[in-house]
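Observations on the three-dimensional arrangement
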Amino acid sequence: MLAPLAAVVVFMVAIVAALGYLQMEEMDREQEAVQRDVEYTQQRLRLRLLERQEQLSRIARSLSKQEANGDGFRTGIASLLNQHPELQGAAWLDGQNRVQASTGSTATWIYQNPTQGGEVLEVDASKGIKRARETRQAVYLQRPKTGDSTPLLQLFIPLTDQGIFKGVLLAEFSIDGLYRHGIPSEVSARYAVSLQDAKGAVLAGVGLAPKGSEGLVPWRRKANTYFMPVSPVGSDLVIHAQAYRASLGLVGSGLFWLVSALSLMTTWMLVANWRHTRKRLQAQQALQSETNFRRAMENSILTGMRAMDLQGRITYVNAAFCMMTGWRESELVGRTAPFPYWPESDREQLTVLLDQELAGKTQQGGVQVRVKRRDGTLFDARLYVAPLIDALGAQTGWVTSMTDITEPNRVREQLTASHLRFTTVLEALDASISVAPLGSDELVFANKLYRQWFGTQAGGHLQLVAEAGMPQTKTIREYPEDVDLFAGFPLSTLPESDSESAELFVASLGKWLEVRTRYLSWVDGRLAQMVIATDITGRHIAEEQAATQAEKARTASRMITMGEMASSVAHELNQPLTAINNYCNGMVSRIQGRQITEAELLGALQKTAKQAQRAGQIIQRIRDFVKRSEPNRAPADVETMVGESLELAEIELRRFNVRLVRFIEDDLPALTVDRILIEQVLVNLLRNAAESIDAAQRPAPERNIELRVVKRNFEGRRGLEFSVQDTGKGLAPEVMGRLYEAFYSTKADGMGIGLSLCRSIVESHQGRIAAENLYNDLTVLGCRFHFWLPLN
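Just so it is clear, the structure is predicted and the values come from calculations on it, not from any experiment. (Residues numbered from 1 in each chain as written. Predicted model: local features only at pLDDT ≥ 70, side-chain atom pairs only at ≥ 80, totals over all residues. Heavy atoms only, no water.)

**A look at the overall build of the protein**
Formally: Starting at the N terminus, helices and strands are each numbered in turn, a helix being any DSSP run of H or I of at least four residues and a strand any DSSP run of E of at least two. Here the term buried applies to any residue with accessible area under 20% of the maximum for its type, exposed to any over 50%, and partly exposed to those in between, with areas from a 1.4 Å probe on protein chains only. Only heavy atoms matter for contacts: two residues are in contact if any of them lie within 4.5 Å across the pair. In short, Shrake-Rupley with a 1.4 Å probe defines the accessible areas, and a residue's cover is counted only from the protein chains shown.
Secondary structure assignment for the protein yields 19 helices and 28 strands. Of all 792 residues assigned to the protein, the portion counted as buried reaches 39%. Taking all contacts inside the protein whose residues are at least 6 apart in sequence as the whole, residues at least 24 apart take part in 59%. As displayed, the protein offers around 45,800 Å² of accessible surface, 54% of which is attributable to carbon and sulfur atoms.

The following block contains the structure:
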């Protein structure tokens, strides 16, 4: 019924859209024509100005090179004035803005200054002269308007000789002359063309007021205008054009209103006819709707429906009942017990249930029975029985609904089996698992190992949570009159991570346990906390033994290092000891000969004490380095730590004749590390670098090691980077892959534990160590080891 009305509405909308589209098309075409003509006119003006600028530039170049004087300037300008009427005049100004020569309109600007001499401009042209001086390019400016003077355009061309500013050539163009001689006649005939300044004021030409709506049309039409700046002048001179004709008038709008009126009349007639037809069909539609509704209810429900009279005879079955059993409605209606969908093995039971149903002894929760399909297969069903009451309130029979519960029974059995398997797995785990609601002493789940360790109470669960430092909650009061709207939720902030873990020693068990907790929603909706405790006693003992062995290995490495450096240390100690011996022999000889004064004796003793102090410092540094001590991480000053490492390493560097260059960034924060271990890493890297340079047999100027300590971020964390760079022969590719492998060494007498220990020390401080070769094209220039340590 709505199709004719919709068609008329679509037709009317299409007419309006077509008229609007045609109008917009015409407006777009006119606007494109205006834009095209304005761009053409702007190009004409641009070429005209550029030609005048080029002619004036030639005169300016001759003035700059002093190839022309004032008379020559006036002659050249006069020729241009005769040929091009838009050019009004020109003046030659020197570097002090004094007029050397002028002709045309500029001659009226000057006056004699008897005090200073020379001709001076009457108008202010400093802005243009300044810009020409700064840019060394031609500058266009609009001449400041005074009174009723004619708008003029000024051109400032700088006079330069070998980059030296010597003045400007000032020329003036009449804007009205540009309009009359530069605007094509065919453009001015079609449009109101004007030349305007940056603020929209008309300088030359014709300006029209903006047009409003024209005619009785359902749209407002704007005037077709377009404007653009004249290049190379810029925004100071804008060409503006506006079309004279820009409307369809009353002809187009009259056609629109005629079509609209006809469409409205057709719509009114159709609506009246539609309302009359609708009233006539309302009764028929109501009856058909009621019939379809009842039929749809019967066919859409998945529950089988069966009706019986008081004698047990089937009087009605729906489509779902027939689909479940596989029997047609004609085969079931009118049948009495035993029914064809009864299994033979269950007939006695079903007969008893039918007798109870007819006697009114029904169960509210229904009964579960087996039903046989026509093909002989069976399925589980649940029957619900209710009395059938007629319009007079008398019972005429019984209505039974039947639901197929085969799939729910199968799912229930699978869930039961799955629960049994899951429980069996949890019981067999070698970890204690317990679950307790937050704020409650109730233990809702505990596996076998938990029961062996802590029994069946929640005390062990709460003990593990408390000792592991997990969030605690208060006990919820359970008085009936005290209702907590937030019952079951923790009273403290939940952790951001999914789970938390901690290692603790349980004295009652004599075991180390790794305890992990996780919040979960229990099956009854309460928020609960699951605790998983794993026995890690064996692992803890192994870690302690491994730490002990690692400390022994580090101590052994330091002893080996000092053993390898023994000859160098002996040489280093021999120097102060020899000096002490010489000082003592000299003092004895001079005292015996009474040839020494008290002051000379005191100086010799001070030098002897200084050498003894130096020998003692060397021995103390070696003792601190090699002695075994417990791991002790404390804030350590980086510069002090590096200095102490260099005191040991420089002994070996001098033996190999290697020069050390170090760079430590200013204001480095303290590192929380084991100072002795980090010094051990630095000494090992410096010794390796010196040995690599010696093995490469580098000449003396190239035997250099560079030690750098700088701030560096790694994976978003703040830290410090230590790097040792040598000029040796680098690392071979096969060595790079096994660099940190224990007991692997490229040295004939090496044990292969130095770099392995360095890596373990750095990584135990949550740091990273790496090595790389340094190349110049394909030539290896050396090797760089660097390790990074975090600041927090």
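**Points about the packing of helix H17 (residues 675-696) against helix H19 (residues 754-764)**
Inclusion rule: As a rule, the C-alpha atoms of each element are fitted with a line to give its axis, helices using only the stretch in contact, and angles between N-to-C directions run from 0 to 180 degrees. In a left-handed crossing the near helix is turned counterclockwise from the far helix by less than a right angle, and in a right-handed crossing that turn is clockwise. Any residue that is not Ala, Val, Leu, Ile, Met, Phe, Trp, Tyr, Cys, Pro, Asp, Glu, Lys or Arg is counted as polar, Gly included; the first ten are nonpolar and the last four charged.
One way to put it is that H17 packs onto H19 with a least axis distance of 10 Å and a crossing angle of 145 degrees. In terms of crossing hand, the pair formed by H17 and H19 is left-handed. Residues Leu 677, Ile 678, Gln 680, Val 681, Asn 684, Leu 685 and Asn 688 of H17 touch H19, and the partners they reach there are Gly 754, Leu 755, Leu 757, Cys 758, Ile 761 and Val 762. Taken together, the residues that form the contact of H17 with H19 break down as nine nonpolar, four polar and no charged.

**Here we look at helix H12 (residues 459-467)**
Quick reminder: α-helices carry 3.6 residues per turn. Residues three or four places apart thus point the same way. Which entries qualify depends on this criterion: As used here, the arc belongs to the directions running from the helix axis to the C-beta atoms.
The set of residues buried in H12 consists of Gly 460, His 461, Leu 464 and Val 465. Down the axis, H12 shows its buried residues gathered within 135 degrees of arc, on one side only. Once H12 finishes, Gly 469 follows within two positions and takes phi at roughly 75 degrees, a positive value.

**Description of the packing of aromatic side chains**
The line we're drawing: Pairing of aromatic rings covers Phe, Tyr and Trp, the last through its six-membered ring, and needs centres within 6.5 Å; plane angles under 30 degrees mean stacked, over 60 mean edge-to-face, and all others mean tilted.
Using the criterion set out here, one finds nine aromatic pairs in the structure. For the pair Phe 321 and Tyr 341, a centre-to-centre distance of 5.4 Å together with 80 degrees between the ring planes defines the contact as edge-to-face. With Phe 321 in helix H7 (residues 319-325) and Tyr 341 in the loop between helix H8 (329-332) and helix H9 (347-358), the pair connects residues that are 20 residues apart, well separated along the chain. Accessibility expressed as a relative area gives 4% for Tyr 341, which makes it buried.

**Here's the deal with a nonpolar patch on the surface**
Keep this limit in mind: Think of a patch as exposed residues, more than 30% relative accessible area, with no salt bridge, where like charges cluster within 9 Å and nonpolar side chains (Val, Leu, Ile, Met, Phe, Trp, Tyr) cluster within 5 Å. Salt bridge, as used here: a side-chain nitrogen of Lys or Arg that lies within 4 Å of a carboxyl oxygen of Asp or Glu.
On the surface, Leu 258, Leu 262 and Met 265 cluster together into a nonpolar patch covering about 320 Å² of accessible area. Relative to the elements of secondary structure, Leu 262 occurs in helix H6 (residues 250-300).

**Here's the deal with the sheet that holds strand S14 (residues 367-372)**
Within a sheet, adjacent strands bond to each other through the backbone by hydrogen bonds, running parallel or antiparallel. As a reminder of what qualifies: One requirement defines pairing of two strands: DSSP has to find at least two bridges between them.
Taken in spatial order, the five strands make up an open sheet running S13-S12-S16-S15-S14, and their pairing is antiparallel. Edge positions in the sheet fall to strand S13 (314-317) and S14, since each has one partner strand and no second. In this sheet, adjacent strand axes meet at a mean angle of 35 degrees when their direction is disregarded. Packed on one face of the sheet, H9 meets strand S12 (304-309), S14, strand S15 (378-389) and strand S16 (395-404) and runs near 65 degrees to S12. Helix H10 (residues 406-428) rests against S14, S15 and S16 of the sheet, and its axis sits at about 130 degrees to S15.

**Considerations on the pairing of strand S9 (residues 202-205)**
As paired strands, strand S8 (residues 191-196) and S9 are joined by three bridges and run antiparallel to one another. Note that in S9 the partner of Leu 195 across the bridge is Ala 204. Joining the antiparallel neighbours S8 and S9 is a turn of five residues, in which Gly 200 adopts a positive phi near 90 degrees.

**Observations regarding the pattern of salt bridges**
Under the criterion given, the structure shown has 31 salt bridges. The partner of Asp 535 in a salt bridge is Lys 511, with the nearest N and O atoms 3.6 Å apart. In this pair, Asp 535 is assigned in strand S21 (residues 527-535) and Lys 511 in strand S20 (residues 511-521), connecting sequence segments 24 residues apart. The network of salt bridges with shared partners includes Arg 48, Glu 51, Arg 52 and Glu 86.

**Notes on H17**
Threshold: How far a helix is expected to stretch is found by multiplying one less than its residue total by 1.5 Å.
Between the first and last C-alpha of H17 there are 32 Å, a value that for 22 residues agrees with the 32 Å anticipated at 1.5 Å per step. When you tally the buried positions in H17, you get 17 out of 22 residues, the bulk of the element. Note on H17: the residue one or two positions beyond its end, Gln 697, has a positive phi of about 55 degrees.

**Brief notes about the sheet that holds strand S26 (residues 719-726)**
The mixed open sheet is built from five strands, whose spatial order is S23-S25-S26-S28-S27. The sheet is open, and its two borders are formed by strand S23 (659-664) and strand S27 (768-776), each paired with just one other strand. Neighbour to neighbour, the strand axes of the sheet diverge by 15 degrees on average, direction disregarded. Examined bridge by bridge, S26 and strand S28 (residues 779-790) share seven bridges and lie antiparallel to one another. Along S28, the bridge assignment pairs Val 724 with Phe 785. Sitting on the sheet, H17 is in contact with S23, strand S25 (704-711), S26 and S28, with an inclination near 20 degrees to S26.

**Some remarks on the environment of Gln 595**
For Gln 595, the position within the fold is in the loop between helix H14 (566-592) and helix H15 (598-626). Sequence-distant contacts of Gln 595, defined by excluding residues within four places in its chain, comprise Arg 590 and Glu 600.

**Here we look at the side chain of Thr 103**
Its location among the elements puts Thr 103 in strand S2 (residues 98-104). Once residues lying within four places of it in the same chain are set aside, the contact partners of Thr 103 are Ile 77, Leu 81, Gly 89 and Ala 90.

**Let's talk about the pairing of strand S7 (residues 164-174)**
Extensive coverage of S7 is indicated by the burial of nine of its 11 residues. Pairing of strand S1 (residues 87-94) with S7 involves seven bridges; the strand directions are antiparallel. Opposite Leu 87, over in S7, you have Phe 173 as the bridge partner. Strand direction decides the pairing type here: strand S6 (residues 152-161) and S7, joined by 10 bridges, are antiparallel. By the bridge assignment, Leu 159 is partnered in S7 with Gly 167. Counting the residues that bridge the hairpin from S6 to S7 gives two residues, and of these Gln 162 lies at a positive phi of roughly 55 degrees.

**Some words on a negative patch on the surface**
Definition in use: Positive charge is attributed to Lys and Arg, negative charge to Asp and Glu, and no charge count is given to His or to the chain ends. Where a charge sits is defined by one atom per residue type, namely NZ (Lys), CZ (Arg), CG (Asp) or CD (Glu).
Together, Asp 637, Glu 639, Asp 666 and Asp 667 give the surface a local cluster of negative charge. The residue Glu 639 is located in helix H16 (residues 638-655) in this model.

**Regarding unusual backbone geometry**
Geometrically, the link from Ser 231 to Pro 232 is a cis peptide bond, its omega value of 10 degrees lying close to zero. Here the amide bond leading from Ala 337 into Pro 338 is cis, since omega sits at 0 degrees, within 30 degrees of zero. Within the secondary structure layout, Pro 338 lies in the loop between H8 and H9. Positive phi values are uncommon outside glycine, yet Gln 697 reaches one of about 55 degrees. Locating Gln 697 in the fold gives a position in the loop between H17 and S25. Classification of Gln 697 by relative accessible area gives exposed; the value is 68%. Of note, Asp 777 is a non-glycine position whose phi angle comes to about 65 degrees, a positive value. One can find Asp 777 in the loop between S27 and S28.

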